[in-house]
Every structure is written in structure tokens, then in C-alpha cells.
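Listed below are the residues making up each chain.
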Amino acid sequence: MENQKTWDFDGWAANYDTVVARGSGVHMCYEEVLEHVAEVARIRPGKLVLDIGTGTGNLAIKCLLRGARVVGLDPSPKMLAVAREKLGDDPRVEFLVVADPFLHIPFPDGRFDAVVSTYSFHHVTPLEKPRAVREMVRVLKRGGVWALGDLVFWDEQAEREALRRLDWLEEEYFSKIVELRRMFAELGMELEAKQFTPVTWVLWAVKPA
Ligand SMILES: C[S@@+](CC[C@H](N)C(=O)[O-])C[C@H]1O[C@@H](n2cnc3c(N)ncnc32)[C@H](O)[C@@H]1O
């Protein structure tokens, strides 16, 4: 049985945007990471995007600015309250509270042009990650793009070294690229990866047409 970690996102909601704006520690290159996710996910006018763990809506806003429509899912009502406050009643975006939005996506197969997520997938346990990958790919259209920006390591050794070296890094459920690559290969998808900081990568893969 995995040791379940807990986080207080409702408590963090009010000052989340102030913290990420500092761009330090795990949030180094925050804006660049979000931009790159939107870029590799090919967010364009008319696209329908699912943003999982949308939080205060910062990636959703980047997708809206590129002309897309967005559905944002998050388990934290208070994070979503901040997102709604920022976006007002923009009809191109919908935010839904979902308890486990990587594992139970309340949409039919093949609905979205892109499934994106930033700084949230490290809350999914290693045992749940293969199921979460299948669930995200399920709701993607053929030819659609999955894109992730997160705290990620190449493999377990890289993670151990970072945890030893970086005093601001706390242990969480960080993905390993070598493992994700296998999960996507099983679905006929090739994982691509670009590193932004010692702990942050953008990963993406296209669903076969
Ligand atoms: C660090 S914030 C990231 C928010 C936003 N995506 C961003 O890039 O700024 C993490 C978000 O993931 C949400 N979250 C926590 N556990 C989750 C889970 N198991 N599945 C999906 N989202 C989760 C939190 O409520 C929070 O809004």
C-alpha cells in the first residue's frame, strides 16, 4: 500500500498566484512552462481543451488567449473560485469540481483536441499513474495532443540526486520519464520531452490518427 500524501489546496488558493509569480524553487520558469505546454499542445482557435488540476486557471487563461475553449477540472473548490473570479463569466470556459480528475474524467471518449496539465500530475500516486494516462488518452480525439508541465525526473536515480542536492525540493509523486514513455508506448504514442529546470519538464505525445 502506498503512503498517501495530503495537501491543503483550499488553504493555498488565496495566495497561490502570488507564490508562483515569484518564480523560485519548484516554480522556476513557471510562465515558460505553461506557454510551452500550450504551444506543443497546438492550442489554436476552435480547439476544445481539457486542463486537469487547473487550479487558479493560469494554463486555462493561456489556452483562451490562443482562441480555444477550455474545460478545467480540479478537486479544490477554492482554487476554482479564484479561477472563476479571474475569468468572470467568459462563456468559453467551464470549471468543474471533480474529486479525482486524472482518474475519473466526466466526459465521453474522444471529446477533446488537447488534454493538458501543469504542476498537478505529481499528486497522482505511482500506482495510479498508468490508469490516469489511459483515462487522459481515452478522452482525446484521434490526432489530439496530450501535454504536461510538471516536476518530473528522467529516472529514479535523477530523482534521488535532486532530492539530495536541492534543499527546497520535497518528496512528492514525481513522474519518471522512462516509466511514462513505456505507458504511452503501450497506447501507440511516442513521448517527447523538453527540460526547463533541474526539476521541471514539458512532456507531450500525439494520439494516433
Ligand atoms: C500546484 S497546483 C497547479 C495549478 C495549475 N495547474 C498551475 O499550473 O498553476 C496543483 C493543483 O492540482 C490540484 N490537485 C490536487 N490533487 C489532485 C489530483 N489528485 N488530481 C488532480 N488535481 C489535483 C490542486 O487542487 C491544485 O489546484
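So, how was this worked out
Residues numbered from 1 in each chain as written. Predicted model: local features only at pLDDT ≥ 70, side-chain atom pairs only at ≥ 80, totals over all residues. Helix = DSSP H or I, 4+ residues; strand = E, 2+ residues; numbered from the N terminus. Buried ≥ 20, exposed ≤ 12 C-beta atoms within 10 Å, placed from the backbone. Contact = placed C-beta atoms within 7 Å.

1. A word on the overall build of the protein chain
Summing up its helical and strand segments, the protein chain has seven helices and eight strands in all. For the protein chain, the spread of C-alpha atoms along the principal axes amounts to about 45 × 40 × 35 Å. In the protein chain, which comprises 209 residues, the proportion classed as buried is 38%. Considering only residue pairs separated by 6 or more positions, the protein chain has 64% of its internal contacts joining residues 24 or more positions apart.

2. Regarding the environment of Ala114
Structurally, Ala114 can be placed in strand β4 (residues 112-118). It is 35 Å that separates the C-alpha atoms of Ala114 and Asp167, two residues lying 53 residues apart in sequence. Non-local contacts of Ala114, meaning those with residues more than four positions away in its chain, are made with Ala41, Arg42, Ile43, Lys47, Val49, Gly144, Val145 and Ala147.

3. Some points on unusual backbone geometry
For Cys29, which is not a glycine, the phi torsion comes out positive at approximately 65°. By secondary structure assignment, the location of Cys29 is in the loop between α1 (9-22) and α2 (30-40). For Cys29, a count of 16 C-beta atoms within 10 Å gives the class partly exposed. With phi around 60°, Tyr119 is a residue other than glycine that occupies positive phi space. Relative to the helices and strands, Tyr119 resides in the loop between β4 and α5 (129-138).

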